[in-house]
Amino acid sequence: MKEDRLQAECYQWFHNSYPELRGLLCYNLNNSKNKIDGNKNKAMGLQAGRSDLVFYYNAKAHHIEMKTEDGKQSDAQKEWQQIIEKAGFNYYIARTLLEFQRI
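One structure accompanies this document, and this report is about it. (Residues numbered from 1 in each chain as written. Predicted model: local features only at pLDDT ≥ 70, side-chain atom pairs only at ≥ 80, totals over all residues. Heavy atoms only, no water.)

## Regarding the nonpolar core
1) Next: Membership of the largest hydrophobic core is limited to eleven residues, which are Leu6, Cys10, Phe14, Leu21, Leu25, Leu53, Phe55, Ile64, Met66, Ala94 and Phe100.
2) Next: Here this core gets three residues from one element, more than from any other, and that element is helix α1 (residues 3-17).
3) Next: Not counting chain neighbours up to four residues away, the residues in contact with phenylalanine 100 comprise Cys10, Trp13, Phe14, Leu25, Leu53, Ile64, Met66 and Ala94. (Core = buried A, V, L, I, M, F, W, Y, C linked by side-chain atoms within 4.5 Å. Buried < 20%, exposed > 50% of the residue type's maximum accessible area, 1.4 Å probe, protein only. Helix = DSSP H or I, 4+ residues; strand = E, 2+ residues; numbered from the N terminus. Contact = heavy atoms within 4.5 Å.)

Below, the structure written as structure tokens:
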């Protein structure tokens, strides 16, 4: 399964399972359409390596990176994870719907 399909499956499961929490799980736009958009997004604060999803709950932010079974984090994603964890936030990697559900 591709990462984007896994992410969509996880998001839809969450959306349907927890209607009272809709809006608290958010997708981070990490990829720009082209170089012009990329430069604009970077100037507006887009961060390289940012997690795919963030779940805001009980005054906390939980960062979730979606990866396939054999997917690996990029160096930018590893750096983002270190920044997030150093700041006291949770960071998770989900490779399956079941792992996402456990998170």
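## As for the pairing of strand β4 (residues 90-94)
1) Next: Inspection of the sheet shows strand β3 (residues 60-66) paired to β4 by five bridges, in the parallel sense. Across the sheet, isoleucine 64 pairs through a bridge with tyrosine 92, a residue of β4.
2) Next: Taking the sense of rotation as the criterion, the β-α-β connection linking β3, helix α3 (residues 75-86) and β4 turns out right-handed. (Pairing = 2+ DSSP bridges. Right-handed = clockwise from strand over helix to strand, strands pointing away.)

## Thoughts on the packing of aromatic side chains
1) Next: Within the structure shown, the criterion is met by five aromatic pairs.
2) Next: Residues phenylalanine 14 and phenylalanine 55 carry aromatic rings whose centres are separated by 5.3 Å and whose planes lie at 70° to one another, so their mutual orientation is edge-to-face. Placement of phenylalanine 14 in helix α1 and of phenylalanine 55 in strand β2 (residues 53-57) is noted, with a sequence separation of 41 residues between them. Comparing phenylalanine 14 with phenylalanine 55 shows no difference in burial state: the two are buried.
3) Next: Aromatic side chains phenylalanine 55 and tyrosine 57 sit 5.4 Å apart centroid to centroid with 10° between the ring planes, which places their arrangement in the stacked category.
4) Next: With a relative accessible area of 14%, phenylalanine 55 lands in the buried category.
5) Next: An aromatic cluster is defined as three or more aromatic residues linked by ring pairs; in this entry it consists of Trp13, Phe14, Tyr18, Phe55, Tyr57 and Phe100. (Phe/Tyr/Trp six-rings, centres within 6.5 Å; stacked < 30°, edge-to-face > 60°.)

## Quick notes on empty space enclosed by the protein
1) Next: Within this structure, the stated rule accounts for one cavity of 30 Å³ or more.
2) Next: Its boundaries defined by the atoms lining it, the largest cavity holds a volume of some 30 Å³.
3) Next: Taken together, Tyr11, Phe14, His15, Arg22, Gly23, Leu24 and Leu25 make up the lining of the largest cavity.
4) Next: In terms of residue count, the dominant contributor to the lining of the largest cavity is α1 (three residues).
5) Next: Tallied by class, residues from the lining of the largest cavity come to four nonpolar, two polar and one charged. (1 Å grid on protein atoms, 1.4 Å probe; cavity = no way out; pocket = protein on both sides within 12 Å on 5 of 7 lines; lining within 4 Å. Points joined across faces, edges and corners; volume = space filled by probe spheres on them. Nonpolar A, V, L, I, M, F, W, Y, C, P; charged D, E, K, R; others polar.)

## Regarding the sheet that holds β3
1) Next: Across the sheet, which stays open at both edges, the four strands sit in the order β1-β2-β3-β4 with mixed pairing between neighbours. Taken across any chain shown, the strands that pair with only one partner, and hence form the sheet edges, are β1 (25-27) and β4. Neighbour-to-neighbour, the strand axes of the sheet open up by a mean angle of 25°, direction not taken into account.
2) Next: Pairing of β2 with β3, which is carried by five bridges, proceeds in the antiparallel orientation. Looking at β3, one finds that valine 54 is bridged to histidine 63. (Axes fitted to C-alpha atoms, helices over the stretch in contact; angles between N-to-C directions.)

Don't take any of this as a statement about function, it's just geometry.
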